[in-house]
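What follows is the residue order along each chain.
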Amino acid sequence: MKIFKLLFWIIWRIWFYVLMGAIIVLLFPLLIISILKEEWYPLFFRLAQLWSRGILFGMGFLTKIKRDQSFKKGESYMLVANHTSMTDIMLMLVVAKNPFVFVGKKELSKIPLFGFFYKRTCILVDRDSPKSRLAVYERAQKRLNQGLSICIFPEGLVPEDESIVLADFKDGAFRLAIEHQIPIVPMTFYDNKKRHSYTFFSGSPGVMRAKVHEFIPTAGFTVDDKKAIRDKAWDVIYKELTKGNN
């Protein structure tokens, strides 16, 4: 029985990357067109949503989304969520309605096909480089000025210690949100670690739940308030993750 389980995990994990590449190939002509100009990014975003839905469906993940507040068309937001899986990217694209740009680690740009578009549409960060972090901040400001939203997983990494429910949040997302006076949207992804963690021999098809919490306003606040706002967002997600019925 254990051998069959290991075989399932091997085939299923490989299938994940096959799906990623196959859907990109299918959408390739439209994807190429959508990245030719920055103002065409909303088209790329809609294609990325199709890509995400295809992967989640193909992996056997059924998404269930609860919303305490809804997005308004044409508004910009700072999207933040807990981070435990590569499927966080796909789920975020399904949950969010307004076009947004990811701030993500540069290592993902090495994935064939996916990396080609990832490095051309996302804001890449080298966590070991202060210069890179400054460049990220400047690029994020530019995208917000263009009317887009930004998504940052504020833990900055996937915690290696299994006992950590939610790592401490970095300041960047909250400082940007305050400076641009845009709402912060905290989200809880309950099942991604269980369904498809970074541990190879793990995971299974099933329900993948997400909750969009009430937005945290930043209007009227200054950067001096970023710690309080950051801690409020952390508390909302942490309390949801540690509820007994999860």
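In this report, we go over the structure that sits alongside the text. Source: prediction; values computed, not measured.

## Things to note about the overall build of the protein
Next up, step 1: Along its length, the protein carries eight helices and seven strands.
Next up, step 2: Computed over its C-alpha atoms, the radius of gyration of the protein comes to 18 Å, within 12% of the 18 Å expected for a compact globule of 246 residues.
Next up, step 3: In terms of overall dimensions, the protein has C-alpha extents of about 60 × 45 × 35 Å along its principal axes.
Next up, step 4: A burial count over the protein gives 48% of its 246 residues as buried.

## Describing the pattern of salt bridges
Next up, step 1: Throughout the structure, instances matching the rule amount to nine salt bridges.
Next up, step 2: Put simply, Lys211 and Glu240 hold a salt bridge, and the shortest N to O gap is 3.7 Å. Of the two residues, Lys211 is situated in strand E7 (residues 206-212) and Glu240 in helix H8 (residues 226-241); the sequence distance between them amounts to 29 residues. Comparing Lys211 with Glu240 shows no difference in burial state: the two are buried.
Next up, step 3: When the shortest N-O distance is used, the salt bridge between Glu240 and Lys243 registers 3.3 Å.
Next up, step 4: The exposure class assigned to Lys243 is partly exposed, which follows from its relative accessible area of 41%.
Next up, step 5: Connected through salt bridges with shared partners, the residues Asp68, Lys211, Glu240 and Lys243 form a single ionic network.

## A short note on the nonpolar core
Next up, step 1: Counting residues in hydrophobic clusters, the biggest one holds 76 residues, and the most contacted among them are Trp51, Met78, Leu79, Met92, Phe114 and Met187.
Next up, step 2: Among the elements that line this core, the one with the most residues is helix H1 (residues 2-34), at nine residues.
Next up, step 3: Apart from the residues lying within four places of it in its own chain, the contact partners of Phe114 are Met20, Ile24, Trp51, Met86, Ile89 and Leu108.

## A few points about the sheet that holds strand E1 (residues 61-67)
Pairing between sheet strands relies on hydrogen bonds along the backbone, with the strands arranged either parallel or antiparallel.
Next up, step 1: Reading across the sheet, the seven strands line up as E1-E7-E6-E2-E5-E3-E4 and stay open at both edges, with mixed pairing between neighbours. If you trace the sheet from one side to the other, it starts and ends with E1 and strand E4 (123-125), each paired once. In this sheet, adjacent strand axes meet at a mean angle of 20° when their direction is disregarded.
Next up, step 2: Sheet strands in contact with helix H3 (residues 87-95) are E1, strand E2 (78-81), strand E3 (100-105), strand E5 (149-152), strand E6 (184-189) and E7, and its direction is about 50° off that of E1.

## Things to note about the pairing of E2
Next up, step 1: Neither face of E2 is exposed, since Met78 and Val80 on one face and Leu79 and Ala81 on the opposite face are all buried.
Next up, step 2: When E2 meets E6, the two strands line up parallel, connected through four bridges. Bridged to Leu79 within E6 is Val185.

Definitions and cut-offs
Residues numbered from 1 in each chain as written. Predicted model: local features only at pLDDT ≥ 70, side-chain atom pairs only at ≥ 80, totals over all residues. Heavy atoms only, no water. Helix = DSSP H or I, 4+ residues; strand = E, 2+ residues; numbered from the N terminus. Rg over C-alpha atoms; globule rule 2.2 N^0.38 Å. Buried < 20%, exposed > 50% of the residue type's maximum accessible area, 1.4 Å probe, protein only. Salt bridge = Lys/Arg side-chain N within 4 Å of Asp/Glu carboxyl O. Core = buried A, V, L, I, M, F, W, Y, C linked by side-chain atoms within 4.5 Å. Contact = heavy atoms within 4.5 Å. Pairing = 2+ DSSP bridges. Axes fitted to C-alpha atoms, helices over the stretch in contact; angles between N-to-C directions.

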